[in-house]
Amino acid sequence: MGLSVENSVTESHSRTHKFFLFSNYLLLGAASSCIFLTLSLRLFPSLFGFFFILLHVIAIAGAVSGCSVAVSGSNKWYLAHMVTMVLTSIFEGSVSVLIWTRTSDFLGYLKSYVREEDGVLILKLAGGLCVVVFCLEWVVLGLAFVLRYYAFVEGHGVGNGGSLKQRNGKVADEDLKNWPWPFQV
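Since the structure is predicted, the reported quantities are computational estimates derived from the model, not experimental observations. Each chain carries its own residue numbering, running from 1 in the direction its sequence is written. In keeping with the predicted nature of the model, local features appear solely for residues at pLDDT of at least 70, side-chain atom pairs appear and are counted solely at 80 or more, and the whole-chain, interface and lining totals rest on all residues. Heavy atoms throughout the structure, all of them, feed into the side-chain values; hydrogens and water do not.

1. Considerations on the overall build of the protein
What the protein contains, in helices and strands, is six helices and zero strands. Numbering of helices and strands starts at the N terminus; helices are DSSP runs of H or I of at least 4 residues and strands are runs of E of at least 2. Helices and strands in the protein line up, N terminus first, as α-α-α-α-α-α. Evaluated residue by residue, the protein yields a buried proportion of 34% over its 185 residues. When checking whether two residues touch, look at their non-hydrogen atoms; a contact exists if any pair is within 4.5 Å. For the protein, the share of sequence-separated contacts (at least 6 apart) that also reach a separation of at least 24 residues comes to 75%. As displayed, the protein offers around 11,500 Å² of accessible surface, 69% of which is attributable to carbon and sulfur atoms. Residue burial is assigned from relative accessible area. The probe radius is 1.4 Å, only protein chains are included, and a residue is buried under 20% of its type maximum, exposed over 50%, and partly exposed in between. Throughout, the Shrake-Rupley method with a 1.4 Å probe supplies accessible areas, and for residues the shown protein chains are the sole cover considered.

2. Considering the pattern of salt bridges
Should a side-chain nitrogen of Lys or Arg be within 4 Å of a carboxyl oxygen of Asp or Glu, the pair is scored as a salt bridge. In the structure shown here, the tally under the stated rule is three salt bridges. Between arginine 102 and aspartate 105 there is a salt bridge whose closest N-O contact spans 2.7 Å. Arginine 102 sits in the partly exposed class, given a relative accessible area of 45%. For aspartate 105, a relative accessible area of 35% translates into the label partly exposed. A salt bridge links arginine 115 to aspartate 118, with the nearest nitrogen and oxygen atoms 2.9 Å apart. Via salt bridges that share partners, Arg115, Glu117 and Asp118 belong to a single interconnected network.

Structure follows, in structure tokens:
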């Protein structure tokens, strides 16, 4: 009976990891598509265009690094990945709101050389992809947290404290002897 529970747990972890990788691949595809749509606006002389493309490059780098950092790796890299993805997703959401609410003003800041009607259409498509990237980044963040938690509980050497399975009751009893009386319950 213990094997069936263990097999279902590892099967659940495997499905979560596969869904995490699939979400990262979707994130890579959406961010790179948004880069190509942005490049079709011909924005190279614009500083705003450069930062808009840089935002998607950072999203791609976060998705690539997240594939290895979530399950294995040091806490510093995991923390850097999580902070980068949170900030990138916040900026993606902000940019998508700007694109959808003030399209012509945003297009003016980008200093595009295409016709305004075509630029508005391309920018709205990019704004839709920004919304998709925003949602996928939060899905990836949640799954990365779940996978990191699974790795911590299973004891794969993640974190400074070791795992829960490596601790035993005697260590906890010895630690309680040094505590004041009310806490030695």
